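Next come the chains, spelled out residue by residue.
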Amino acid sequence: MEILFDYVAKLVANNSQLNFDEIHTNLEIPNANIGGDVALPCFKFAKALRLAPVAIAEQIASSIKDENLEKVENVNGFLNFTFKPDFLAYTLLDNALLEQNEISEHNGMKNKTILIEHTSINPNASPHIGRARNALIADSLVRVFKFLGWKTDIHYFVNDVGKQIAMLVYATKDKKDINFNDLLQIYIDVNEQAKINPEIENAVFEYLNKFESGDEQVIAEFERIVNTCIKGQTAIFDELGIKWDSFDYESRYIHQHLTEKVLDELKKSPKLFEDKDGRYVLDQHGENIGIEEPMLVLTRNDKTSLYPLRDICYSMDKAKAGTDRNLLVLGEDQKVYFQQISAAMRLLGAEPAEVVHYSFVLLPDGKMSTRRGTVVLLEDFMREATAKADEAISERRGDSDIEKAKKVGYGALKYSILKCSPEKNVLFDWANALNFNGDSSVFAQYNYARIQSILQKADMDYNNAKHSLLTRETEIALIKEVSRFESVVLSVYRNLNPSILANYIFNLTSKFSQFYAAESILNIEDAELKKARLSLISKVATALKNGLYLLGIDIVESL
RNA sequence: GCGCCCAUAGCUCAACAGGAUAGAGCAACACCCUUCUAAGGUGAAGGUUGGGGGUUCGAGUCCCUCUGGGCGCACCA
């Protein structure tokens, strides 16, 4: 639609005292029920032109004569432009950018660099769908940045130090083999036991002490647990096509004494002080942090580091990597904490990461809690979705196809989480998440497959099609939607919000499905029209394929 | 108690930097497969955008306030 905005802005600029930019920024797409292709509200020009909005619109409407316009009319101060359908069709379709190389070229983002850290969940158990939201949002953003030509560097911070790991080490100390799938139950049990048995707590802290002071035997035991966990967790994400470039271990900051330099830097600030217990504490009053006592305890009394200090060091390392952008996808529970780390970084003269926060996934009967075991595990969701997809495919196609079932099932899973705006809570219920009708990724995959089926049967070259022949109502509606693809991708990029894309894919699919029901493509006499329609649907297929890809969803050739 | 986020149809979600008559899907109702894949399409129904004030030519969108939900509130990581 951008090209039409330019066209209209130029036209109005030539027929009024308004300049191109002020016209262009005010242009909008009118609601479908109002009619018209582009609208210009004239209210804001009233003051400068010393004229009533209606009079301005009237004046401009009457002075514009353009062969490509069907009409320009004033509706209560809105100037509505309606183009001739053939002009609209070829202008939008011939200029629509749908492919990765075209879009990255057009927007000049090639070879920019971005570091993205995401997920970084505790290595203690199988991830639940709440934390999966982190990985899904981030992975989609990674895909969008890559699509636009950015070079991405994706990091995972492994919190391999701490009480929760020590507890798992304690609970598994006599076990020869540790199975990743047993860890959740072990974790729940040991937390239960620790409540009634204080000796566990003591033993756990002893483990932690030994780990931090470099006891090789204990370090090996920690590594055994952490590696089992990371392996198990990343295998699940890997199955979903989500990958990282590097895993950064928190313990490195302890064992290699990497926190000292940053601590020395912070000591230069009067905001860092030693409290009565001998711990280093950062006073963050005046940093606009929304808590009563903005203090960050950085060390224990023996001056060994606490997590926030290690996190500041890690964040500094990421900032020092010198990428054009530095992004972090983080749960809303970490909002204040992130502000605290950011304030410390500014104190050190560094630029904190940009952050995308997401809200939690809620269950119909309450919140999820790993410790209480009231969770929906990502892997359970994956299995259920695949099973349901396979059942449906078997029913339709006569036999099972597990690869296809995964593409359908995982797609539905991702879509159900990604379609919600990150700042809103997602309410998870099985029926909704496993619904393959209507507003779901399956609708898009299904219609993509329909298009492939037609294109295969067509057996004709539609490269130099005359798009001006596509003037039916459902064709124009579909063309308008396809032509938005690039601006939607850019909108996801600007807002760091993949739900915009999920939404778009549904609208595009809907428009295609309506066109498909209303018009024949192969069964028509007019060969030129057939060519034009084939060209149109091939472009729709490209937009669907690339759009789904950017959400991390695979297409299927038949369904 | 304080701070940040959210509240839109019975349910789940849309509505680009404030724009015109607030849109979809699910569920429920009535239709449409001798025609390119019916996981589809069409129609009807469903709303005082949580309540109340304000700013504006214009408010779901901005401001204030109340209610309800989510998250957090140094010495866990």
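Residues numbered from 1 in each chain as written. Chains lettered and ligands numbered in written order. Predicted model: local features only at pLDDT ≥ 70, side-chain atom pairs only at ≥ 80, totals over all residues.

What follows is about the environment of Ile-479. You can see Ile-479 is positioned in helix α20 (residues 473-482). Take Ile-479: there are 26 C-beta atoms within 10 Å of it, and that puts it in the buried class. A sequence separation of 61 residues divides Ile-479 from Val-540, and the C-alpha atoms of the two residues are 8.5 Å apart. Look past the residues within four positions of Ile-479 in its chain and what remains in contact with it is Ala-89, Leu-92, Leu-93, Leu-470 and Leu-536. (Helix = DSSP H or I, 4+ residues; strand = E, 2+ residues; numbered from the N terminus. Buried ≥ 20, exposed ≤ 12 C-beta atoms within 10 Å, placed from the backbone. Contact = placed C-beta atoms within 7 Å.)

What follows concerns the environment of Val-281. For Val-281, the position within the fold is in strand β8 (residues 280-283). A count of 16 C-beta atoms within 10 Å places Val-281 in the partly exposed class. Along the sequence, Val-281 and Thr-299 sit 18 residues apart, while their C-alpha atoms lie 7.3 Å from each other.

Let us now look at the domain arrangement of chain A. According to the domain assignment, chain A contains domain 1 (2-83), domain 2 (140-362) and domain 3 (378-550). Look at where the C-alpha atoms of domain 1 and domain 2 centre, and you get two points 55 Å apart. (Domains from an automatic or database assignment.)

Moving on, we come to the sheet that holds strand β1 (residues 38-41). Note: strands within a sheet are paired through backbone hydrogen bonds, in either parallel or antiparallel orientation. Reading across the sheet, the three strands line up as β1-β3-β2 and stay open at both edges, with antiparallel pairing between neighbours. In this open sheet, the two edge strands, each paired with only one partner strand, are β1 and β2 (69-75). On average, adjacent strands in this sheet sit at an angle of 15 degrees to one another, irrespective of strand direction. The pairing of β1 with strand β3 (residues 78-83) spans four bridges and is antiparallel. In the strand pairing of β3, Ala-39 is matched with Asn-80. (Pairing = 2+ DSSP bridges. Axes fitted to C-alpha atoms, helices over the stretch in contact; angles between N-to-C directions.)

A few words now on the protein's contact with RNA strand B. Within the structure, RNA strand B sits among 80 residues, and Ala-39, Phe-78, Gly-162, Gly-290 and Gly-438 are positioned closest to it. Taken together, the residues of the surface near RNA strand B sort by class into 39 nonpolar, 24 polar and 17 charged. (Near = placed C-beta within 6 Å. Nonpolar A, V, L, I, M, F, W, Y, C, P; charged D, E, K, R; others polar.)

What follows deals with the nonpolar core. Ile-479, Val-540 and Leu-544 are the most contacted members of the largest nonpolar core, which has 145 residues in total. Once residues within four sequence positions are removed from consideration, Val-540 is found in contact with Ile-451, Leu-478, Val-482, Leu-508 and Phe-512. (Core = buried A, V, L, I, M, F, W, Y, C linked by C-beta atoms within 7 Å.)

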